[in-house]
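Given next are the chains, with one letter for each unit.
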Amino acid sequence: MSFTINGCILDVRNIDLRRASRYKKRRKKRGESSILTQKFRKNRSYQDFLKLMESRPAYDVVEIDTVKGRQGYGKVILTMLLRRNSVMLMFIMPDCKAESVIDRFNFLENGLGIERFKRLFGICLTDNGSEFKRVLDLEGSTDGISTRTSMLFCDPMASGQKGRLEKNHEYIRYVIPKGTSLNPFSQEDITLLMNHINSTKRPGLQNMAPYELIGEDDEDMHILMKLMDMKLIPPDEVNLTKSLLIKG
């Protein structure tokens, strides 16, 4: 079996067989209950999210998070997973501040146009990190008039409520192990990693890659792909090991 996998005779790859991550039971943190009453969460709780989704398709949702480097300082990666096709966007940011997240939202709106941004990123589900607390700046368009998205928040210590994205972070850690500084990486590096991750076939996607789930007639996604320099990597060239981003 290993011969056929390594020899690329089958569609499955070694990356599909990894179980590198082990999940530990989380402990309740001090101050967790106070998060529930903070102003930024008003009408944006996970219960509000569930109520909203009673009248919206599940694929409308985008799960958002940040991946930090060594000791949580320096550059971070902003990740955004579109449930419609499991495509994950990745941005390198200089820090984990709200201004940096707002800047990436503005980049997407300016590149896509407000209406297309609304269709792709109309409902955003994230955690309670300080980088997401400036909700009015995230929800409001760059013209200061329109509303471009609705920000909603998971319950404290409930990462499973955006479990697709949490699971996808495992692919990042194959290439950039936890505890590794992100400071050496450029957006070009992170775009390369994003393309290899989104070109990885998944058993849960009927052995297709996220990029392969984008329909030919999905104009919104194709414009997003052009904006983000997103390109399908051939199956036999997908590399999710540390060698992908080794500096020469």
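Being a predicted model, the structure only gives us computed values, none of them experimental.

## Quick look at the packing of aromatic side chains
Logical step 1: Summed over the entire model, instances satisfying the criterion amount to six aromatic pairs.
Logical step 2: Ring geometry for F91 and F107: centres 6.2 Å apart, planes at 80 degrees, overall edge-to-face. One end of the pair, F91, is in strand 3 (residues 87-93); the other, F107, is in helix 4 (residues 98-112), and 16 residues separate them in sequence.
Logical step 3: Under the relative-accessibility criterion, F107 is labelled partly exposed at 36%.

## A few points about the pairing of strand 1 (residues 61-68)
Logical step 1: Counting buried positions along strand 1 yields seven of eight residues, so the element is predominantly enclosed.
Logical step 2: Where strand 1 lies against strand 4 (residues 123-126), three bridges are found, and the strand directions are parallel. Counted as the bridge partner of E63 is L125 from strand 4.
Logical step 3: In terms of strand pairing, strand 1 meets strand 2 (residues 76-82) through seven bridges, oriented antiparallel. When the bridges of strand 2 are listed, V62 appears paired with L82.

## Description of the side chain of T191
Logical step 1: Relative to the helices and strands, T191 is located in helix 8 (residues 187-198).
Logical step 2: A relative accessible area of 9% places T191 in the buried class.
Logical step 3: Beyond its immediate sequence surroundings of up to four residues, T191 is in contact with M228 and D229.

## With respect to the confidence of the model for the protein
Detailed reading of predicted coordinates is not advised where the pLDDT is low.
Logical step 1: With 85% of its residues at a pLDDT of 70 or more, the protein shows a mean pLDDT of 89.
Logical step 2: Within the model, the stretch residues 1-6 combines pLDDT values under 50 with nine contacts to residues more than four positions away or in other chains.

Calculation criteria
Residues numbered from 1 in each chain as written. Predicted model: local features only at pLDDT ≥ 70, side-chain atom pairs only at ≥ 80, totals over all residues. Heavy atoms only, no water. Phe/Tyr/Trp six-rings, centres within 6.5 Å; stacked < 30°, edge-to-face > 60°. Helix = DSSP H or I, 4+ residues; strand = E, 2+ residues; numbered from the N terminus. Buried < 20%, exposed > 50% of the residue type's maximum accessible area, 1.4 Å probe, protein only. Pairing = 2+ DSSP bridges. Contact = heavy atoms within 4.5 Å. pLDDT = per-residue confidence, 0-100.

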